[in-house]
Amino acid sequence: MTTDFWFACIGAVLIAMALFTFIRHTHLLRRILAFNIMGSGVFLILVGLAQHQRQTDPVPQALVLTGIVVAVAATALALIIFRRFYQLSGRTELDEDQQ
Amino acid sequence: MNLIPLLLVIPLAWALLSLLLPRLPLGLLALAGIVLQLGTAAMLWNDVQIHGASRYAIGDWVAPLGITLVADGLTVTLLAMTALIAVVCAFYAIFYLRAYEKERRYFWPLFWFLLAALNGIWLAGDLFNLYVGLELVTLAAVGMVTLSGERHALAAGLRYLYAALLGSLAYLLGVALLYGAYGTLDLGQLSSLLEANLITQLALALMTFGLLMKTAVFPLHSWLPPAHGGALAPVSAILSALVVKSSFYILARIWMDAGNALMPVSAAQLLGALGALAIIWGGWQAFRQSEIKMLVAYSTVAQLGYLMLLFPLAIGQSQQSAILAWQGTMLHLLSHGFAKAAMFLAVGTLVLAVGKKRVVDMAGISAKMPLALFAFGLASVSLMGLPPSGGFNAKWLLMQSAIQSGQWHWVAVLLAGSLITASYVFRVFSVSFQKDADPQIRPTHPALDLSALLLAAIAIALGFGAAIPVELLTLPEEML
């Protein structure tokens, strides 16, 4: 049991919690938050698991940096579409019967 | 001079140009750019045919820290398909978007970002760049779905974005587990390193789930019809023809590289079963839709099901059956791309002319819009798999593979799929050939009909020239 392994374990717990929220709740803002927490969990696993048998490995750090940029962009897009949707419809969730 | 980076530089440069200088004639500029890209893809195709696969390290930084791009037979075929469909869609969009002044401002930058991301996926040589490509494709595609800024488009875009984000995190988690276990993300290296243990299988299962979500395979398809059916016609065409194929391409690459030795045959059969359900459910839903664009969108759900038949026909079967399945699937990917793009463009023209969206509103349209309906008909021939067409050759190869491996139930699925396709396509024809109806139509530019016809003609031509792409599409192990 090394510290790095603990990172991965905590990442897994974060993912499980966020996944539960993502599926359970329909509030669109809540799901954006859940997506971000899930992302943090994945990044913890990526950095944690990758270092358990080697010295500090730069590759996962670079990957996580890229991942964070992608997550920020996706969050920004989700927020702006959600805001416009809320302005037009006054709703904070999607109509499930719409499909 | 190496051509590979040009295929990323051209779309990115054009994207920035159209974003920063919106007053330029963006449509014509786009046409010039895409012809340049088509030429580059053709030269690269020729290069690969003569010299074989090539690699390129961006900025001379080698993997694992740098980014390596790989161009092999499959890659160049997909690059050429992307450029060819994009050039026709761009030509169509120039005339179609005259009616959409506001949307035009952002259509062109998003169009170019989407092309850059797609080319990035086709060329990526490692799992992480595939992830970045997937995300960029999603962001650009969602932006294009929500172009009109109307409530239903925003809802469809949000539904699409949430499904895609969940899918990409599942994929990234799989990538993280693989890197933790093997310390490399290079596809070529991984395929020789991977061992059949729990963590590898968990990682592959997570990646498969994420990619199935992004490919909209039944039962994870519910985001696709509102997104593809509600978007502008050229957007729908690009989304259905190219975007959903990009995640399938990654799925196929991973399974053909690693799945054969690592994944149980039952998992491959399960993927095939999902495909069969998609063919039946998507076809049935297409038959039931009242809006014509939704009909075409559900048809995409059904046609994506055929792609999934690759797995049961190739995993754990004989080499010969696997090669036939691989060629058939990739030919289906190509011909569905052309046929579905043609269909969305033709239907977009019909809706634009009639001004209404439902199938019944198309009553009597055959006399007024013969060319658009003819393009729809040619595309349908390929979707149904009637000879001579790319769709027929693809289904023929898949069927041969199923017979070779003695899996007769997939033959039944293929035949049933063609019948269901025929039923919803003929629903459109039976309405449009009604003689007593006299629909009021607005005149549309002939270029719109011409673009749809051109794409449909390519789908049909793949029935005669199928050997050209198929030669390049040998199994990935033999190429690298």
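Residues numbered from 1 in each chain as written. Chains lettered and ligands numbered in written order. Predicted model: local features only at pLDDT ≥ 70, side-chain atom pairs only at ≥ 80, totals over all residues. Heavy atoms only, no water.

Where an unreviewed UniProt entry is consulted, chain B appears under the name Hydrogenase 4 subunit B, with the organism given as Aliidiomarina soli. We quote the UniProt Sequence similarities (unreviewed entry) comment for chain B here in full: "Belongs to the CPA3 antiporters (TC 2.A.63) subunit D family." (UniProt positions renumbered as here; feature names shortened; annotations may be inferred.)

Per an unreviewed UniProt entry, the recorded name for chain A is Na+/H+ antiporter subunit C, and the organism is Aliidiomarina soli. Its UniProt record gives chain A the following Sequence similarities (unreviewed entry) comment, quoted word for word: "Belongs to the CPA3 antiporters (TC 2.A.63) subunit C family." UniProt's Subcellular location (unreviewed entry) comment on chain A is quoted here verbatim: "Cell membrane".

S.K.: Would you mind showing me how to read the nonpolar core here?
M.R.: When a protein is soluble and globular, its nonpolar side chains tend to lie buried together. Trp108, Phe111, Leu127, Tyr171, Trp255 and Phe311 of chain B are the most contacted members of the largest nonpolar core, which has 233 residues in total. Of the residues forming this core, the biggest block, 22 residues, is contributed by helix H14 (residues 319-354) of chain B. (Core = buried A, V, L, I, M, F, W, Y, C linked by side-chain atoms within 4.5 Å. Buried < 20%, exposed > 50% of the residue type's maximum accessible area, 1.4 Å probe, protein only. Helix = DSSP H or I, 4+ residues; strand = E, 2+ residues; numbered from the N terminus.)

S.K.: Teacher, can you tell me more about H14 of chain B here?
M.R.: Residues that lie three or four places apart on an α-helix share one face, since the helix turns once every 3.6 residues. All names here are of chain B. Under the 1.5 Å per step criterion, the end-to-end length of H14 is 51 Å for 36 residues, consistent within 8% with the ideal 52 Å. Along H14, 33 of the 36 residues are buried, which leaves the element largely enclosed by surrounding structure. Of the residues one or two after H14, Gly355 is the one with positive phi, at around 80°. (Expected span 1.5 Å × (residues − 1).)

S.K.: Is there a simple way to think about the pattern of salt bridges in this case?
M.R.: A side chain with one charge may pair with a side chain of the opposite charge, provided their charged atoms come close. Residues and elements named next belong to chain B. Under the counting rule described, the total for this entry stands at 5 salt bridges over all chains. One salt bridge connects Lys214 with Glu135, and the closest N-O pair in it is separated by 4.0 Å. Placement of the pair is Lys214 in helix H8 (residues 198-215) and Glu135 in helix H5 (residues 127-145), with a sequence separation of 79 residues. One exposure class covers both Lys214 and Glu135, and it is buried. (Salt bridge = Lys/Arg side-chain N within 4 Å of Asp/Glu carboxyl O.)

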